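Okay, here's what each chain looks like letter by letter:
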Amino acid sequence: MPSSASATRLRRRLSHHAGRNLLGPRITTLAGFAAQQAGEPPLSPLECRLLLTEALRRYRSLFPGQDNAQVAEALFELFEEMTAAHFDPGADEAAFSARLRQAYGAPPLEFLSREAQIVHRLWQAFAQDSGGRAPATVHLRKLRAGFAATSRQTPLMLLGFDAFSRSEAELIASALRDGRAELWIQGRTEGHDGAAMRALLAQLGVEPERRGAPGPRSALLDASFAEAPPAAAERFAEPALRLVEASGAEHEARCVDVAVRQALLAGKIDIVVLTEDRRLARRLRALLERAAVPLQDFGGWALSTSRAAAALDAWLECLEDRFRFRPLLDLLKSGFAEADAHALQKLERELVYHQGIDGGLGALLSASHSDALTALLTRLRDAAFSLPRDDAPRVAQRWIELLRRSLDGIGLTERLQGDAAGSALLRVLAQLQAAFQRVPLELRWDEFRALLDGALERATFTPGAARGPVRLLTLEQAQPLRCELLIIAGATREQLPGAPSRKPFFSHAVRTDLGLPDWRSRQALALARLRKALDGADEVIVTYAAGADEEPAQASPWIEAIESRAARAGLSLRDTALPALAAGDAAEVGDPAAGMAQPIARPAALAPGALLPEKLSATAHQALLDCPYRFYARSVLKLEDEHAPDEDPNRSDYGKRVHKILEAFAQPVEGLPPPFTERLAAATRDRAQARLHEIADKVFEKDLEKRALALTWKAEFRAAIPGLVDWMSARPMLREVRAEVVLDQPLEGMRLHGVIDRLETRLDGSRVVVDYKTGRQLPSRDDIEGGEAVQLLHYALLDNTVAAVEYRPLRKGMAELVIDEDLPALRDAVRTRLAAAVQALRAGAALPAQGDEATCKRCEFDGLCRRGDWHD
């Protein structure tokens, strides 16, 4: 059979018709049949690519500046096709070049001569290096032996094939003529969809004996793919075929999910989803798993997309980039590395996010102060020493040995063995090691890494899954196909027939002349397979959607042809009910006993008394007014919006630097220049400015080493210094000025808390609170007096001697805002309202999400309240 995907089903059908279990027949693929024959095994594709990589090194002038591994990949694919097509360029390079010129139909050109030279020389080198053990060569050799062993008494039955290579076709044609083989094929030889079948029969030189009966939609499909339009309008029976246009990729996956679940509820036990779109397949698998529907995926998964491969990649990134925190955390959180939970928590929360250490085992070990974390980092360091990180080339086999030793050192190997993808990854490493042993190469680390990444990209694995009624197949795997419901998903122009493949060697015309597979033959084959799939199902649903670029959805031209022919006959194939159902709540998966799902309401959490904060800052006070749920998340649950060391700095980072500068200007700060202790006047103005420049240079010093944005920060603060000094000079005589002053005040069993940027004490003992603002906008006086903006009034609550509160902007063109005469009344009003709120909290009042537009825009907890969900 062409694919093993249907072998189990065929055996089950045979047993059913025989009425008993069968010991035979042997069911296999053509490649499996060849592999059963005696003889020397072939070289692996990996070994062949390595041989070509080595040959490319010997012929450096052929591909200057190119990646040898990528060129070797393209050449290996070409040489396998040439072997299968029975095409040998021969020993005469000039004759081969002349053959190419004739196929191109062009006069002698430099690129033609170069292409001929590249292919010819490397073909000869590969043939010699591989010693006749290339996969295609061994396959044909063993296939000859297998066909030679067949007889009329031990016949070979070929079921469902629609294409053979030229070499395979010669062997099969001989066996068909001698009666040693039978070929059972599905399809027709008329119309556009019959082109591939006509080519196959011509290749084999046979005329088939026709059997079978038309399917439920054969007449419609015949007319849709006919080479000439019919003379008169036709009428067709109901084709049991529906077309579904989805609004996007997610909607399409939900449409398929709903169609599958509807079919299962209707009692169907044989459902096939056919798609070439692996992204859609992954999304569909997730949706069906949510509904507890197993999906048998015969295509396998790309190994490079697995968690196991991601863990390996994270380890290699750690080695290559001095253990930066992101790949380090990715590795330790992957589930494959041995990591103490408390040590990992300390590493992430304290060292990375709190202390801002962005990487480096030395820096992390110095800041560890934890036995468990130190042991973890030490083990990583010791394992890292297994792999030397210099540019010196080494024997490739040695690289693999050192890599595997490092994986053992961090405990990755043992955990990979217990995972389907991890086991496949270890097999790839073993295959690489065996290949490097037989094909010794000296590689730099970057060359070895490229080969490793390429091997993981090509490898696939199939996760274990329970059998179920739903199969996921590609167009190639869906032959021969019989099922109750066929869903063709992702039926767009990009997938059916797909874009023409761009081969690095030979044009389509030349490939045709040389007998190699070309785009035209691939397209004809895809159409023939689509037609067979459509004929093999009792019911068909075809879905497609627009791409990510927001262009209108375009179905495959083959699907458009079917719809157009049906419309001319008065049949509408469009299904609008399924996409509408899939977009609504009625299609959600739920517990029938729980009743209908209810709309998501605005959250209104209750705060247990034990979790209420002991201290209430100005920020928490403001959050309580803006949105009680924001207060709940921040002050009750104590959630924080963590800032990674390598994240782009924001405006608050600049503000922190400015506050540090102004604190050091007023009072001693360790590590910074001394404060300015003279009285600000005309005579001391220049010295005050110089001191501010000096302190700013020191504060911005570390930032300037890391980010260019610090230059902008420094320039902005320098521009603010003259106005700031003028403002300080104009202040009245003061008894004392303090910076970053911490104040507390009791209120209803809670302590109000605040850090004052600048606290001035006047000669009469009254105080003034000054809050520096680096932003573009200040709260308005109306908001302050109306109780909407409470930061300044919160600071006034902390000390009854405060007679004025003031916002001092540091941007040019912005005026300060002072509250003085109205302060006592405003302070009393805020105290009364806050006391009532605290009493309500202690009594168990709810903390609802307000949904205020302005607050939600700047809220860091939007993912918790899911405002979009309860608004929609």
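Computed from a predicted structure; not experimentally measured.

### Points about the packing of aromatic side chains
Phase 1 of the analysis: Summed over the entire model, instances satisfying the criterion amount to 15 aromatic pairs.
Phase 2 of the analysis: Relative to F323, the ring of W315 lies with its centre 5.9 Å away and its plane at 70°, an arrangement referred to as edge-to-face.
Phase 3 of the analysis: Judged by its relative accessible area of 6%, F323 falls in the buried class.
Phase 4 of the analysis: Clustering of aromatic rings is evident, with ring pairs tying together W399, F436, W445 and F448.

### Things to note about the confidence of the model for the protein
Phase 1 of the analysis: Across the protein, the average pLDDT comes to 89, with 97% of residues at 70 or higher.
Phase 2 of the analysis: Per-element averaging of pLDDT across the protein places helix 38 (residues 867–871) at the bottom with 77 and helix 34 (residues 791–797) at the top with 96.

### Here's the deal with the sheet that holds strand 12 (residues 537–545)
Phase 1 of the analysis: Pairing is parallel across the open sheet formed by 6 strands, whose spatial order is 3-12-11-4-10-5. Every other strand in the sheet has two partners, leaving strand 3 (241–246) and strand 5 (295–297) as the edge strands with one partner each. Within the sheet, the average angular offset between the axes of one strand and its neighbour, ignoring direction, is 20°.
Phase 2 of the analysis: Bridge count for strand 5 against strand 10 (residues 470–473) is 3 bridges, and the pairing is parallel. Its bridge partner being in strand 10, L295 is matched across the sheet by V470.

### Topic: the environment of T53
Phase 1 of the analysis: With respect to the helices and strands, T53 occurs in helix 3 (residues 45–58).
Phase 2 of the analysis: In this structure T53 comes out as buried when scored by relative accessible area, which is 5%.
Phase 3 of the analysis: Discounting chain neighbours no more than four positions away, the residues touching T53 are N68, A69 and A72.

### Topic: the environment of I721
Phase 1 of the analysis: Counting through the fold element by element, I721 comes out in helix 32 (residues 709–729).
Phase 2 of the analysis: Separated by 33 residues in sequence, I721 and A688 place their C-alpha atoms 9.4 Å apart.
Phase 3 of the analysis: Apart from residues no more than four positions distant in its own chain, I721 is found in contact with Q689, L692 and H693.

### Describing the side chain of S3
Phase 1 of the analysis: Structurally, the position occupied by S3 is in the segment before helix 1 (7–18).
Phase 2 of the analysis: Judged by its relative accessible area of 14%, S3 falls in the buried class.
Phase 3 of the analysis: Once you skip the residues sitting within four places of it in the chain, S3 turns out to touch T29 and Q477.

### Some details on a nonpolar patch on the surface
Phase 1 of the analysis: Together, L611, L637, L639 and L864 make up an exposed nonpolar region whose accessible area comes to about 300 Å².
Phase 2 of the analysis: Secondary-structure assignment places L637 in the loop between helix 28 (628–636) and helix 29 (651–666).
Phase 3 of the analysis: With a relative accessible area of 36%, L637 lands in the partly exposed category.

### Points about the packing of helix 27 (residues 618–626) against helix 28
Phase 1 of the analysis: Here helix 27 crosses helix 28 at 145°, and the two axes come no closer than 5 Å. Touching T619, A620, A623, L624 and D626 of helix 27 are P628, R630, F631, R634 and S635, all from helix 28.

### Focus: helix 27
Phase 1 of the analysis: Most of helix 27 sits inside the fold, with 7 of its 9 residues counted as buried.
Phase 2 of the analysis: Burial in helix 27 covers these residues: A618, A620, H621, Q622, A623, L624 and D626.

### Topic: the nonpolar core
Phase 1 of the analysis: The biggest cluster of nonpolar side chains holds 101 residues, and the ones touching the most others in it are F79, W315, L347 and F506.
Phase 2 of the analysis: In this structure, F506 is in contact with L78, F96, L100, Y104, E115, V119, R511, L514 and L516, ignoring residues within four places of it in sequence.
Phase 3 of the analysis: Membership of the second largest hydrophobic core comes to 46 residues, among which are A605, Y632, I784 and Y807.

Quick notes on the rules
- Residues numbered from 1 in each chain as written.
- Predicted model: local features only at pLDDT ≥ 70, side-chain atom pairs only at ≥ 80, totals over all residues.
- Heavy atoms only, no water.
- Phe/Tyr/Trp six-rings, centres within 6.5 Å; stacked < 30°, edge-to-face > 60°.
- Buried < 20%, exposed > 50% of the residue type's maximum accessible area, 1.4 Å probe, protein only.
- pLDDT = per-residue confidence, 0-100.
- Helix = DSSP H or I, 4+ residues; strand = E, 2+ residues; numbered from the N terminus.
- Pairing = 2+ DSSP bridges.
- Axes fitted to C-alpha atoms, helices over the stretch in contact; angles between N-to-C directions.
- Contact = heavy atoms within 4.5 Å.
- Patch = residues over 30% accessible without salt bridge, like charges linked within 9 Å, V, L, I, M, F, W, Y side chains within 5 Å.
- Areas by Shrake-Rupley, 256 points an atom, 1.4 Å probe, with all protein chains shown as cover.
- Salt bridge = Lys/Arg side-chain N within 4 Å of Asp/Glu carboxyl O.
- Core = buried A, V, L, I, M, F, W, Y, C linked by side-chain atoms within 4.5 Å.

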